[in-house]
Amino acid sequence: MFQKKKQIVIHSEREFEGMRAAGRLAAECLDFITPHVRPGVSTEEINRLCHDFQVERGATPAPLGYRGFPKSICTSVNEVICHGIPAPEHKLRDGDIINIDVTPILEGWHGDSSRMYLVGEVSEEARRIVDCSYRCLMAGIAAVKPGAKTRDIGVAIQEIAEAEGFSVVREFCGHGLGREFHSEPQVNHYDDGRPGTTLRKGMFFTIEPMINAGHWRSNILADDWTAVTIDKRLSAQFEHSIGVTDDGCEIFTTSPMGYTCPPYR
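As the structure is a computational prediction, the values presented were derived from the model and not from experiment. (Residues numbered from 1 in each chain as written. Predicted model: local features only at pLDDT ≥ 70, side-chain atom pairs only at ≥ 80, totals over all residues. Heavy atoms only, no water.)

Undergrad: I tried to follow the overall build of the protein on my own but got confused; where do I start?
TA: Scanning the protein from terminus to terminus reveals 4 helices and 17 strands. Seen along its three principal axes, the alpha-carbon backbone of the protein occupies a region of about 45 × 45 × 35 Å. Buried positions account for 56% of the 265 residues belonging to the protein. Across the protein, every contact between residues at least 6 apart in sequence was considered, and the portion connecting residues at least 24 apart equals 72%. Taken as a whole, the protein presents about 11500 Å² of accessible surface, with 48% of it coming from carbon and sulfur. If you average the places of the 29 positive and of the 37 negative side-chain charges in the protein, the two averages end up 3 Å apart. (Helix = DSSP H or I, 4+ residues; strand = E, 2+ residues; numbered from the N terminus. Buried < 20%, exposed > 50% of the residue type's maximum accessible area, 1.4 Å probe, protein only. Contact = heavy atoms within 4.5 Å. Areas by Shrake-Rupley, 256 points an atom, 1.4 Å probe, with all protein chains shown as cover. Lys, Arg positive; Asp, Glu negative; His and termini not counted. Charge placed at Lys NZ, Arg CZ, Asp CG, Glu CD.)

So this is what it looks like as structure tokens:
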């Protein structure tokens, strides 16, 4: 995903405060948008609402203009794995599942998070994959502690996904963040057979497993952003930003409303 490896930044206790504020804003934005995710609403309207929510609170949406990305958030519906581009003609329908991915920059810090949402009445498979993707995220987070390897995260995620009959996307990974949107370390969500990076207190990164109902491979559409499953089957993803602590990790993007996995009530 990244052309050149950079040194991993180890952050101070004071810098944790910056990430807490940015992460909380990302979580608040996802809480805020929850009642708006319903049949008939366009992904463009969801983009506008999330954009305004962030800007009104002194933040800048990091995706807007990033490497040419045209919108302030990503909206990935059904077979879209990630990087779906909001559009006025794309209206949500009963039975859809959607991942909404937001990254506000607040006082220089990036708070990166995404959640799945159920639109109306969804299929049993849709509920299963959404639930599994959340459990995969939390299993990956549970593997984080000083001295652990990034591989441990991928092993934990892959074990849960494959036990449910699903697959883990391999073309995209978690990433370091903080004052940069994307940095080292890279965090694979599957076991690639290599130890990976040793985790140290003060590392900030995302864990964001993308779980497919069918094959793990993806195709990129003509817009050069939207990644879809090769077999058009469903995909689901949750994402948190975390910081490694003395004995585990701190989740910066926990929902203030207590919204973890849908249905959100």
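Undergrad: Can you help me understand the packing of helix α1 (residues 13-33) against helix α2 (residues 43-55) in this one?
TA: Packed helices, taken two at a time, are described by their axes: the angle between them and the distance between them. Viewed as axis vectors pointing N to C, α1 and α2 meet at an angle of 140 degrees, and their least axial separation amounts to 10 Å. Classified by the angle between their axes, α1 and α2 sit oblique to one another. By crossing handedness, the relation of α1 to α2 is classed as right-handed. On the side of α1, the interface is formed by Leu25, Glu28, Cys29, Phe32 and Ile33, while α2 contributes Ile46, Leu49, Cys50, Phe53 and Gln54. (Axes fitted to C-alpha atoms, helices over the stretch in contact; angles between N-to-C directions. Parallel < 35°, antiparallel > 145°, perpendicular 65-115°, else oblique. Left-handed = near helix turned anticlockwise from the far one by under 90°.)

Undergrad: How do you make sense of the packing of aromatic side chains when you look at a structure like this?
TA: Aromatic rings considered in pairs are described by the distance between their centres and by the relative angle of their planes. Counted by the stated rule, this structure contains 10 aromatic pairs. Pairing phenylalanine 16 with phenylalanine 252 gives two aromatic rings, centres 5.8 Å apart and planes at 65 degrees, and the pair type is edge-to-face. Of this pair, phenylalanine 16 sits in helix α1 while phenylalanine 252 sits in the segment after β17 (249-251), and the two are 236 residues apart along the sequence. What makes phenylalanine 16 buried here is its relative accessible area of 2%. (Phe/Tyr/Trp six-rings, centres within 6.5 Å; stacked < 30°, edge-to-face > 60°.)

Undergrad: I keep staring at the pattern of salt bridges and nothing clicks. Help me out?
TA: A side chain with one charge may pair with a side chain of the opposite charge, provided their charged atoms come close. Tallied over the full model, the rule gives 16 salt bridges. When the shortest N-O distance is used, the salt bridge between glutamate 28 and arginine 24 registers 2.9 Å. In this pair, glutamate 28 and arginine 24 are both assigned in helix α1, 4 residues apart and thus about one turn of the helix distant. According to the relative accessible area criterion, arginine 24 is partly exposed, its value standing at 46%. (Salt bridge = Lys/Arg side-chain N within 4 Å of Asp/Glu carboxyl O.)

Undergrad: Got a minute to help me understand the sheet that holds strand β3 (residues 80-82) in this structure?
TA: Strand order in the open sheet formed by 3 strands is β3-β14-β13, with antiparallel pairing between adjacent strands. For this open sheet the edge positions go to β3 and β13 (218-220), each flanked by a neighbour on one side alone. The average undirected angle you get between the axes of adjacent strands in this sheet is 40 degrees. Looking at chain direction, β3 and strand β14 (residues 227-229) are connected through 2 bridges and run antiparallel. Residue pairing across strands places cysteine 82 opposite alanine 227, the latter belonging to β14. (Pairing = 2+ DSSP bridges.)

Undergrad: Is there a simple way to think about the nonpolar core in this case?
TA: A general feature of soluble globular proteins is that nonpolar side chains tend to end up buried together. Of all hydrophobic cores here, the largest spans 64 residues; its most connected members are Ile46, Ile100 and Phe205. Elements that contribute at least two residues to this core include exactly α1, α2, β4 (97-102), β7 (113-118), α3 (124-142), α4 (150-163), β11 (204-207) and β16 (240-244). Not counting residues up to four positions away in its chain, the partners in contact with phenylalanine 205 are Val144, Ile153, His175, Gly176, Leu177, Pro185, Val187, Leu199, His240, Ser241, Ile242 and Val244. Grouped together as the second largest cluster of nonpolar side chains are 6 residues, Cys82, Val169, Phe172 and Met210 included. (Core = buried A, V, L, I, M, F, W, Y, C linked by side-chain atoms within 4.5 Å.)

Undergrad: What is the right way to look at the pairing of β11 in this model?
TA: Look at any regular strand and the pattern is simple: side chains alternate between the two faces of the sheet. Alternating positions in β11 separate into two faces, Phe204 and Thr206 on one and Phe205 and Ile207 on the other, with burial throughout. Where β11 and β16 come together, 4 bridges link them in antiparallel fashion. Within β16, the residue paired with isoleucine 207 across the bridge is histidine 240.

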